Amino acid sequence: VMVMKFSSGGAHQWTVLHGGSDNEYAYSLKVDSSDAIIVGGISYSSDLDSQSNAGIGDVMLMKFSSSGAHQWTVLRGGSGTDYAFSVE
């Protein structure tokens, strides 16, 4: 997953890449009250942050601080393919 932050004037502030050995896709993100970024999507990796998926692809949630530091990753799903299309 690639997350980029820009100022209100459009100036690039930072970019972070975070993922496992297979593909991760971000479909949604939300900025919380502390300006942290929560990304929702799908992971096909079996080794993302020492977690393995339960099926073909699992729901993936990642949190990054306002400065781009990775804080946590959660994978959840069943034996098929599961997606997180919206983070609320």
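The shown structure was predicted, so the numbers you read here are calculated from the model rather than taken from an experiment.

Visitor: It is not clear to me how the nonpolar core should be interpreted in this structure. Could you clarify?
Guide: The nonpolar side chains of soluble globular proteins are, as a tendency, buried together. Of all hydrophobic cores here, the largest spans 11 residues; its members are Val1, Val3, Trp14, Val16, Ile37, Val39, Leu48, Met60, Met62, Phe64 and Leu75. Those elements giving two or more residues to this core turn out to be strand E2 (12–17), strand E4 (37–43) and strand E5 (58–64). It is E5 that contributes the most residues to this core, three residues altogether.

Visitor: What's the story with the packing of aromatic side chains in this structure? I'm lost.
Guide: Applying the stated criterion to the full structure yields four aromatic pairs. The interplanar angle of 80 degrees and the centroid separation of 6.1 Å between the aromatic rings of tyrosine 25 and tyrosine 44 together place this pair among those described as edge-to-face. One end of the pair, tyrosine 25, is in strand E3 (residues 24–31); the other, tyrosine 44, is in the loop between E4 and E5, with 19 residues separating them in the sequence. Ring geometry for tyrosine 27 against phenylalanine 85: centres 5.1 Å apart, planes inclined by 50 degrees, an arrangement best described as tilted. Here tyrosine 27, found in strand E3, pairs with phenylalanine 85, found in the segment after strand E6 (70–76); they are 58 residues apart in sequence, far enough to count as distant.

Visitor: How should I be thinking about the sheet that holds E3 in this particular structure?
Guide: Strands pair in a sheet through their backbones, by hydrogen bonds, and they do so in one of two ways: parallel or antiparallel. In spatial order, the strands read E3-E4-E5-E6; together these four strands make up an open sheet with antiparallel pairing. Lying at the two open borders of the sheet, with one neighbouring strand each, are E3 and E6. Across the sheet, the axes of successive neighbouring strands diverge by a mean angle of 20 degrees, strand direction being ignored. Note: E4 against E5, seven bridges, orientation antiparallel. Within the sheet, the bridge partner assigned to glycine 41 lies in E5 and is methionine 60.

About the cut-offs
Residues numbered from 1 in each chain as written. Predicted model: local features only at pLDDT ≥ 70, side-chain atom pairs only at ≥ 80, totals over all residues. Heavy atoms only, no water. Core = buried A, V, L, I, M, F, W, Y, C linked by side-chain atoms within 4.5 Å. Buried < 20%, exposed > 50% of the residue type's maximum accessible area, 1.4 Å probe, protein only. Helix = DSSP H or I, 4+ residues; strand = E, 2+ residues; numbered from the N terminus. Phe/Tyr/Trp six-rings, centres within 6.5 Å; stacked < 30°, edge-to-face > 60°. Pairing = 2+ DSSP bridges. Axes fitted to C-alpha atoms, helices over the stretch in contact; angles between N-to-C directions.

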